[in-house]
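What follows is the residue order along each chain.
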Amino acid sequence: MAVPYGRKSRTRSRIQRAANMRYIPKAHNTCSNCGEPKAAHHICGKCGQYAGRSVLEIQSN
Ligand SMILES: [Zn+2]
């Protein structure tokens, strides 16, 4: 196991953590059924459809 040469300062860790949190991947795909933005290769959270067929029953309350 590699041993760190020097301890990373609290500020350095926090700067890196903040930089990681800034990166939020945007939804580039939209559902073909309802047009809602959805993640690629994932079921639409709005209507529960995937690849043109209904996969999930979305309960409306
Ligand atoms: Zn949809």
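Residues numbered from 1 in each chain as written. Predicted model: local features only at pLDDT ≥ 70, side-chain atom pairs only at ≥ 80, totals over all residues. Heavy atoms only, no water.

The subject of this paragraph is the overall build of the protein chain. Of regular secondary structure, the protein chain possesses one helix and four strands. Along the protein chain, helices (α) and strands (β) appear in the sequence α-β-β-β-β when read from the amino end. Evaluated residue by residue, the protein chain yields a buried proportion of 10% over its 61 residues. Considering only residue pairs separated by 6 or more positions, the protein chain has 0% of its internal contacts joining residues 24 or more positions apart. (Helix = DSSP H or I, 4+ residues; strand = E, 2+ residues; numbered from the N terminus. Buried < 20%, exposed > 50% of the residue type's maximum accessible area, 1.4 Å probe, protein only. Contact = heavy atoms within 4.5 Å.)

Within the chain, His-41 stands out as a residue other than glycine whose phi angle is a positive 60 degrees. In this structure, His-41 sits in the loop between strand 2 (37-38) and strand 3 (49-50).

This paragraph deals with a nonpolar patch on the surface. Where nonpolar side chains cluster on the molecular surface, the patch consists of Ile-43, Tyr-50, Val-55 and Leu-56 and spans about 310 Å² of accessible area. Secondary-structure assignment places Tyr-50 in strand 3. (Patch = residues over 30% accessible without salt bridge, like charges linked within 9 Å, V, L, I, M, F, W, Y side chains within 5 Å. Areas by Shrake-Rupley, 256 points an atom, 1.4 Å probe, with all protein chains shown as cover. Salt bridge = Lys/Arg side-chain N within 4 Å of Asp/Glu carboxyl O.)

With that settled, the discussion passes to the environment of Lys-46. With respect to the helices and strands, the residue Lys-46 is situated in the loop between strand 2 and strand 3. A relative accessible area of 53% places Lys-46 in the exposed class. In this structure, the C-alpha to C-alpha distance between Lys-46 and Cys-31, residues 15 residues apart in sequence, is 8.7 Å.

Here the focus is a positive patch on the surface. Residues Arg-7, Lys-8, Arg-10, Arg-12, Arg-14 and Arg-17 make up a contiguous surface patch of positive charge. Residue position: Arg-10 is located in helix 1 (residues 10-22). (Lys, Arg positive; Asp, Glu negative; His and termini not counted. Charge placed at Lys NZ, Arg CZ, Asp CG, Glu CD.)

Take helix 1 next. In this model, helix 1 (13 residues) spans 18 Å end to end at C-alpha, consistent with the 18 Å of a helix rising 1.5 Å per residue. Burial analysis of helix 1 places just zero of its 13 residues in the buried class, a small minority of the element. (Expected span 1.5 Å × (residues − 1).)

Glancing now at the confidence of the model for the protein chain. Per-residue confidence for the protein chain gives a mean pLDDT of 78, with 85% of residues at or over 70. Averaged pLDDT values over the elements of the protein chain bottom out at 76 in strand 4 (residues 53-54) and peak at 86 in helix 1. (pLDDT = per-residue confidence, 0-100.)

With that settled, consider the side chain of Lys-38. In this fold, Lys-38 is placed in strand 2. It is Glu-36 that comes nearest to the buried, bridge-free Lys-38 among opposite-charge side chains, at 12 Å. In terms of polar contacts, Lys-38 uses its side chain to reach the backbone carbonyl oxygen of His-42, at 3.2 Å. (Polar contact = N/O pair within 3.5 Å; in protein donor to acceptor, adjacent residues only side chain to side chain.)

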